[in-house]
Amino acid sequence: MNWAALDREVAATPMPLAYRGLYRKILCKDCHDSTTAIFHIVGMKCGGCGSYNTTIDSGPLLVKVEGEDGGSFRPLTAEEEERLGQAEFPVS
């Protein structure tokens, strides 16, 4: 399947500022790869095959920690999670 339409939908649907830069562990139902993807309400894209036929794998929302190894991920703190609950979503 061509995922270009979902790529465009994700690009056209900005996430609230508080949710930008968050990641989630996902499992791809097409290639069966477990990857960490950018969190988006429209869909999360497999880093292996590019499919959006994915599901949440496990664990909490994550943030990227830059480092010499290219970066790793850490879970959100309780304070960061609390701020997410206060985020405002655009009304169309």
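That block above? That's the structure.
Right, let's walk through the structure included here. Predicted model, so just to flag it, every value in this text is computed and none were measured.

Our next topic: the overall build of the protein. Looking only at helices and strands, the protein features two helices and five strands. Ordered by position from the N terminus, the helices and strands of the protein form the series α-β-β-β-β-β-α. Taken along the three principal axes of its C-alpha coordinates, the protein extends 40 × 40 × 25 Å. Residues counted as buried form 30% of the 92 residues belonging to the protein. Taking all contacts inside the protein whose residues are at least 6 apart in sequence as the whole, residues at least 24 apart take part in 47%.

For H32, which is not glycine, the phi dihedral falls at a positive 65 degrees. Mapped onto the fold, H32 is located in the loop between β1 (22-28) and β2 (34-38). Under the relative-accessibility criterion, H32 is labelled exposed at 63%.

Of all hydrophobic cores here, the largest spans twelve residues; its members are M15, Y19, L22, I26, A37, F39, M44, L61, V63, L76, L84 and A87. Once you skip the residues sitting within four places of it in the chain, L61 turns out to touch L22, Y23, R24, F39, R74, P75, L76 and L84.

With that out of the way, let us pick up the environment of D33. Relative to the helices and strands, D33 is located in the loop between β1 and β2. Exposure remark for D33: the relative accessible area of 31% places this residue in the partly exposed category. Along the sequence, D33 and C46 sit 13 residues apart, while their C-alpha atoms lie 7.7 Å from each other. Discounting chain neighbours no more than four positions away, the residues touching D33 are I26, L27, C28, C46 and G48.

As a further point, take the pattern of salt bridges. Tallying each qualifying case throughout the model produces two salt bridges. Between D7 and K45 there is a salt bridge whose closest N-O contact spans 3.0 Å. Of this pair, D7 sits in helix α1 (residues 4-12) while K45 sits in the loop between β2 and β3 (54-56), and the two are 38 residues apart along the sequence. Looking at D7, the relative accessible area reads 29%, which means it is partly exposed. Between E80 and R74 there is a salt bridge, with the nearest N and O atoms lying 2.9 Å from each other. Exposure remark for E80: the relative accessible area of 17% places this residue in the buried category. Under the relative-accessibility criterion, R74 is labelled partly exposed at 31%.

Conventions and cut-offs
Residues numbered from 1 in each chain as written. Predicted model: local features only at pLDDT ≥ 70, side-chain atom pairs only at ≥ 80, totals over all residues. Heavy atoms only, no water. Helix = DSSP H or I, 4+ residues; strand = E, 2+ residues; numbered from the N terminus. Buried < 20%, exposed > 50% of the residue type's maximum accessible area, 1.4 Å probe, protein only. Contact = heavy atoms within 4.5 Å. Core = buried A, V, L, I, M, F, W, Y, C linked by side-chain atoms within 4.5 Å. Salt bridge = Lys/Arg side-chain N within 4 Å of Asp/Glu carboxyl O.

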